[in-house]
Structures are given as C-alpha cells and as structure tokens.
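Letter by letter, the chains look like this.
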Amino acid sequence: MADLDNLYRQIIMEHYKNPRNKGLSEQPGYVTAHIKNPSCGDDITVQTLFADGTVKDCRHDGHGCSICCASASVMTETVIGKTVAEALLLADNYLKLVSNKEYDASVDLEEAAVFAGVNQFPARVKCASIAWQAFVRTIEEQK
Amino acid sequence: MEKNPWREQFPQLAGKDEAFLDSAASSLKPLSVIAAVDHYYHDLSVNIHRGMYASSYEATRLYEEARAKVAAFIHAKEEEVVFLRGGTAALNLVASSYGAAHLQPGDEVIVSQLEHHSSILPWQALAAKVGAKLVYVPLDPELRITVDNVRSVLTSKTKVVALTYVSNVMGYITPLAEIIALAHASGAIVVADAAQAVQHLSIDVKCLDVDFLAFSGHKMLGPTGIGVLYGKSALLAEMEPIEFGGEMIDEVNKDRSTWKEAPYKFEAGTMPIASAIGLGAAVDMLQSIGLDAIEDHVVRIRRYAFTQLKKVEGIVIYNPTADTGIIAFNIEGVHPHDAATFFAEQHVSLRAGHHCAQLAIKALGIEACLRASFYLYNTYADCDRLVAVAKEAVRFFKGVGF
C-alpha cells in the first residue's frame, strides 16, 4: 500500500485536480492526435504546436482515471519549450520507464519521473502512457 | 470461515489470500475440467472424426459425448448444439448466416442497451450492410428490459429480437419466455445471449421456445476457446455455413460443393477438442451440484455483500435489485480504474471499466464502473473483505485528495 500511497501523494493528485494546459486550442497550426483505451474508457486528445524545431505549445483534453489525466498534464509541462529531438527522447525514455523496460537514466524526465511508481502496477501502465503516445504521434504527423 | 463444499475443487484458490470476485468475466476452473482437458492432451492428442485408429475413436467419442451433455443440460437435441470458439462466435454466426439470408432493407432488429457488445455489433454491422434498422427496447427506470417495452417496439417489420438473458453489468434476468411468445406471434425470431445465464439458471430451450441461444464455456466452469450455439433444427438446417474448410463438407466438386448436416457444417477445421471435452466435464459438475443449489448460494452471498456494501458511505451501487450475483458500483468521485488498483493491492479481484457493454454504462450516465460478481466458490469471508477494503478505499482516496 505504501507504493500506491506514494504514487498518488506525489505530483499526480496535484495535476489531477489542477490540470495544466487542459482544453484544446482553436488556433490553426496545431497537430492533433487522439488515443483511447477502449478497455477502460480513458480517452485523451493531445495538440502540439511546433515552430522552428521546438514544441511551442502542447495541450490536452479528455477523460480517464487520475493517472491518465495527471500524466497528460505533466507531459504538456515537460515537453513545452523543448526541441522536438529532446521531447522525443523524453517521451521514449518515459514510456520505457513506466513499462519497466530498460531506459536511459541520464535523461532528466523532470516532474514526469514521479510516474516511475506506475511500473509497480502493470494494469496501470497503459493509463500512464496514452498521453505520451499521443504526443509522439503529433511529432510523427508534423514531419 | 464457513465451510464452502465446492471451494476445494478449485485449485486456483488454494493457498491464495484473495477474494476472487470476477466470475462474470470468467469463472474459475475445477479439477475435473482440468483433468478432462489434460486427459485429452496427455493420453490422446489426436484429431477427431477422421482417424481410423483407437485414440481417434476415443477422442471423437469424448467430443460427441460433451455435445450430448451440453444438449441434455439445456434440453436440446444433440444436432442442435453447435460448438464454436465462444459465445461471441455463436452470436456472429446467427447474424452472418441466418440474419444475412433473412434481413431485407427496412426490416428491424430489436436489441437493448443492456447487451454485451457481441450481442449488438453483429446486428449493427449487418443492418448497415443490408439497410435494416436496429431498434432499441426502451429500458424501465431501473434499466430493465420489460415485456411491455418490447411490445411497444415490436412491429410487422421486426424480423429478429436479439436480447441478453442476464445482463452482465446489472445482473437482471430478462423475462424471455413472455418476450419470445410475443415475438413469435408477430413473426420474429429470438436470439438469446445466455453467456451470463447458463451458469445461473436452468434453461430448457424447448420450454422457452427460443430460436437461438448462445453461451461461452469459460463462464460456466469450462475452458476458454469453446462456446455453444443452440439453434432449432429447422433453422440450422436452412442456414449456410460462414466458414468453409475441412470436415464440414459432404462432397467437393470443382464448381460447387455440398455440406454436412448441422451441427457439423458449422464446425469447419480442427475444433478445440480438449476445450469441448472440458466443457462436458463442467456440465457434469453443474448438473451434479444442481443449478438451484448454486444459485441459492450465489444469491445469498450477493445479498449479504450488498447489504453491507450499501452501508458504506461514499459507495454508490447501481443495481440494488439485481437478480443474480453481480454488484455494479463506484466510489463516489473516484475513477473505477483508480479504485480497482486499490482493491487489487488488497487482493480483491474486481472488474473495472465498461464490461463490454458501453451502452449500458452510458444508460447509467457514467464513464465506467466497478463490478463484483459472485459464484459458487465465493464465501461470506470474500464479501467481508470486499466491504472492508471498500471502506479503506473510500478513506484512502479521500486522504490523498480525491
């Protein structure tokens, strides 16, 4: 239970209750990706605005469990301002970290590192992943 | 702890400190079923119907004996029992074969929002293809399917009524007998999804006069990979197979071929022989205990759990009047996936999500819910644990700020 307590008590609850960069933009130029987890109903849309090889803005909307919603919020804060290459490296390592795969510990995941606790809960890996997967998809689509 | 006379038959429970409350997804498997499956693989392991040698005869005998057991269990004739991959395959076969041959543009198929996806989607796809229309029975305020509400949507255009016998989210029993009489009087056939019924209720397909009835093996103590379609002889006889290949043929010619009689024309290729034999053993166990005794136990256990759970502040229960062993609930303000992880950490195995019944979840006006489902091996101690962990969960989530 300590694992679960830690997982929730850290940044996750804060972001769940006060999500950052939530709500989609109507402005042109954003690349949009939508991912759903049909088995549990988590449903996240991510919008990214790219400029000069950097992530100028990133927004999210949707619904799901606390881990899903909080990870979307943390993801946007983490990637905004990064170069696309940096953001992709972050996303790659984050996704490896939460799914208990080998990852590059020298990459600073910043706040997103708190989701490391998710790898103790295999049933929740998907919840923590879909926002980041949607973000990666926006990178792939802007190319 | 009270003595449960059946629990020791389930090795999955041995030595585990766990309340398994997800039998509506898949029941546990008793030793006799495991032994039957094992016997086939260990001692026979050969194909059926074709081999001209002793082990093949024996495998064939066991496979057909399983069919006979299933037939007797639901009061059908053996040739009316088709083995398929599962309940889903059974419902798909009815839509793809019978449905495709009979539905005309403008015809109507009655379904309900309580259906499991496998009881709606085959008809939805077919309706889109042929220009037929899906009509949803209005549910009553408790979200039950009622005879009057079926009557209100039944028209001369209704060709098929496809309904669940027992809802996998709400645990309600559909008043099928009256609905079937009504549908027949209006010229429609009835397809019953009995995946949540066959392990709880004695089913007599002749008495019920149902046209098709589908169920899975693995929710009734049997193995995965096997399911059953019951169909009235005359209906199966006129239906075309939807899968073609080995073993289902009568004679093959260059341009045109002919099929065996039902059920064999629907059992193309090598079947899940071990699973079918295991299903026979599952039926033996259900018969020897008696469904009445099982259901008596399940209903008592469920009532006990419900009575305690509803007293827990912060728990909302969606189906207080369920007829079978299901409690659909949530912790107020907590997404069920968050809640299910807490229960799992405390060794209470529940299902969280939409339970393959998104329309039922939408009818409840929620995103998803938790489901506890009970079967013969569950105990009052399991219920006590469910309730104790529910109380802790409410406290925990409040504590972390939900």
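Every value quoted in this text rests on a predicted model; they were computed, and no experiment measured them. (Residues numbered from 1 in each chain as written. Chains lettered and ligands numbered in written order. Predicted model: local features only at pLDDT ≥ 70, side-chain atom pairs only at ≥ 80, totals over all residues. Heavy atoms only, no water.)

(A) Focus on the overall build of chain A. What chain A contains, in helices and strands, is five helices and three strands. In summary, chain A has a C-alpha radius of gyration of 14 Å against a globular reference of 15 Å for 143 residues, a match within 12%. Overall size of chain A, expressed as C-alpha extent along the three principal axes, is 45 × 30 × 25 Å. Across the 143 residues in chain A, those meeting the buried criterion constitute 50%. (Helix = DSSP H or I, 4+ residues; strand = E, 2+ residues; numbered from the N terminus. Rg over C-alpha atoms; globule rule 2.2 N^0.38 Å. Buried < 20%, exposed > 50% of the residue type's maximum accessible area, 1.4 Å probe, protein only.)

(B) Summary view of the sheet that holds strand E1 (residues 30–37) of chain A. All names here are of chain A. The antiparallel open sheet is built from three strands, whose spatial order is E1-E2-E3. Each having just a single partner strand, E1 and strand E3 (54–63) make up the two edges of the open sheet. Across the sheet, the axes of successive neighbouring strands diverge by a mean angle of 20 degrees, strand direction being ignored. Here strand E2 (residues 42–51) runs beside E3; their pairing, made up of nine bridges, is antiparallel. Looking at the pairing, Thr 48 lines up with Cys 58 of E3. (Pairing = 2+ DSSP bridges. Axes fitted to C-alpha atoms, helices over the stretch in contact; angles between N-to-C directions.)

(C) Structural detail: the side chain of Gln 196 of chain B. Residue and element names in this part refer to chain B. Within the secondary structure layout, Gln 196 lies in the loop between strand E6 (189–193) and helix H7 (205–208). Look at Gln 196 and you get buried, because its relative accessible area is 6%. With near-sequence residues (within four places) excluded, Gln 196 lies in contact with Ala 24, Val 166, Asn 168 and Lys 219. (Contact = heavy atoms within 4.5 Å.)

(D) Structural context of the domain arrangement of chain B. Residue and element names in this part refer to chain B. One can read the domain layout of chain B as domain 1 (32–288) and domain 2 (291–399). Placing the centre of domain 1 and that of domain 2 at their C-alpha centroids yields a distance of 29 Å. Facing the 27 residues of domain 1 at the interface are 29 residues of domain 2. Approximately 2,200 Å² of surface area, both sides summed, lies buried where domain 1 meets domain 2, with 61% of it carried by carbon and sulfur atoms. It is His 117, Val 169 and His 200 in domain 1 that bury the most area against domain 2; as a group they hold 29% of the surface buried on that side. (Domains from an automatic or database assignment. Buried area = accessible area lost by both parts, 1.4 Å probe.)

(E) Up close: the interface of chain A and chain B. Tallying the contact residues gives 20 residues for chain A and 19 residues for chain B. Between chain A and chain B lies a buried interface of about 1,600 Å² when both sides are counted; carbon and sulfur atoms form 59% of it. Taken together, the links from chain A to chain B amount to one salt bridge. With a shortest N-O distance of 2.8 Å, Arg 124 of chain A and Asp 338 of chain B are connected by a salt bridge. Between chain A and chain B we count seven residue pairs in polar contact (both at pLDDT 80 or more) in total. Mapped onto the side of chain A that touches chain B, the elements with two or more residues apiece are helix H1 (2–9), helix H2 (11–17) and helix H3 (66–79) of chain A. Of the residues forming the side of chain A that touches chain B, the biggest block, four residues, is contributed by H1 of chain A. Of the residues contributing to the side of chain A that touches chain B, the split by class is 11 nonpolar, four polar and five charged. (Salt bridge = Lys/Arg side-chain N within 4 Å of Asp/Glu carboxyl O. Polar contact = N/O pair within 3.5 Å; in protein donor to acceptor, adjacent residues only side chain to side chain. Nonpolar A, V, L, I, M, F, W, Y, C, P; charged D, E, K, R; others polar.)

(F) Spatial organisation of helix H6 (residues 176–185) of chain B. Residue and element names in this part refer to chain B. When we look at burial in H6, the residues that qualify are Leu 176, Ile 179, Ile 180, Leu 182 and Ala 183. Down the axis of H6, the buried side of the element spans an arc of 165 degrees, and every buried residue falls inside it. Considering only its buried residues, H6 is in contact with helix H5 (147–153), strand E5 (158–164), E6 and H7. (Arc of directions from axis to C-beta.)

(G) A look at the sheet that holds strand E12 (residues 326–331) of chain B. Residue and element names in this part refer to chain B. Strand order in this open sheet of four strands is E11-E12-E15-E14, and the pairing throughout is antiparallel. Strand pairing shows two members of the sheet lacking a second neighbour, strand E11 (315–317) and strand E14 (351–353), which therefore form its edges. For this sheet, the mean inter-axis angle between neighbouring strands, taken without regard to orientation, is 30 degrees. Here E12 pairs with strand E15 (residues 369–373) via four bridges, running antiparallel. Within the sheet, the bridge partner assigned to Ile 327 lies in E15 and is Ala 372. Here helix H10 (residues 291–309) sits on the sheet and contacts E11 and E12; the angle it forms with E12, its principal contact strand, is near 20 degrees. This element, helix H11 (residues 336–345), spans E12, E14 and E15 of the sheet and lies at about 40 degrees to E15.

(H) Summary view of the confidence of the model for chain A. Summarising the model, chain A shows a mean pLDDT of 92, and 99% of its residues fall at 70 or more. When the elements of chain A are averaged for pLDDT, H1 of chain A gives the smallest value, 78, and helix H4 (residues 84–98) of chain A the largest, 97. (pLDDT = per-residue confidence, 0-100.)

(I) Seen up close, the packing of H3 of chain A against helix H5 (residues 125–142) of chain A. All names here are of chain A. Their axes nearest at 7 Å, the elements H3 and H5 cross at an angle of 40 degrees. Between H3 and H5, the angle is such that the two are oblique. In this structure, H3 meets H5 at a crossing whose hand is right-handed. Residues Ile 67, Cys 68, Ser 71, Ala 72, Met 75, Thr 78 and Val 79 of H3 touch H5, and the partners they reach there are Cys 127, Ala 128, Ile 130, Ala 131, Trp 132 and Phe 135. (Parallel < 35°, antiparallel > 145°, perpendicular 65-115°, else oblique. Left-handed = near helix turned anticlockwise from the far one by under 90°.)

(J) Representation of the pattern of salt bridges within the structure. All names here are of chain A. Throughout the structure, instances matching the rule amount to 27 salt bridges over all chains. Two residues, Arg 20 and Glu 14, come together in a salt bridge whose shortest N-O distance is 2.6 Å. Residue Arg 20 is classed as partly exposed on the basis of its relative accessible area of 23%. For Glu 14, a relative accessible area of 37% gives the class partly exposed.

(K) Geometry of the environment of Glu 243 of chain B. Residues and elements named next belong to chain B. Positionally, Glu 243 belongs in the loop between helix H8 (233–238) and strand E9 (249–252). Along the sequence, Glu 243 and Leu 93 sit 150 residues apart, while their C-alpha atoms lie 9.3 Å from each other. Contacts of Glu 243, omitting those with residues within four sequence positions, involve Met 248, Lys 265 and Ala 268.

(L) Structural context of the packing of aromatic side chains. Inspection of every chain in the model, using the stated rule, returns 19 aromatic pairs over all chains. Pairing Tyr 8 of chain A with Phe 402 of chain B gives two aromatic rings, centres 5.9 Å apart and planes at 70 degrees, and the pair type is edge-to-face. One end of the pair, Tyr 8 of chain A, is in helix H1; the other, Phe 402 of chain B, is in the segment after helix H13 (380–399), on a second chain. With 5.3 Å between their ring centres and 55 degrees between their planes, Tyr 16 of chain A and Phe 402 of chain B make a pair best called tilted. Separated into two different chains, Tyr 16 of chain A in helix H2 and Phe 402 of chain B in the segment after H13 make up a pair that spans both. Above the face of the Tyr 172 of chain B ring, Arg 144 of chain B is positioned so that its terminal group lies 4.0 Å from the ring centre. (Phe/Tyr/Trp six-rings, centres within 6.5 Å; stacked < 30°, edge-to-face > 60°. Lys NZ or Arg CZ within 6 Å of the ring centre and 35° of its normal.)

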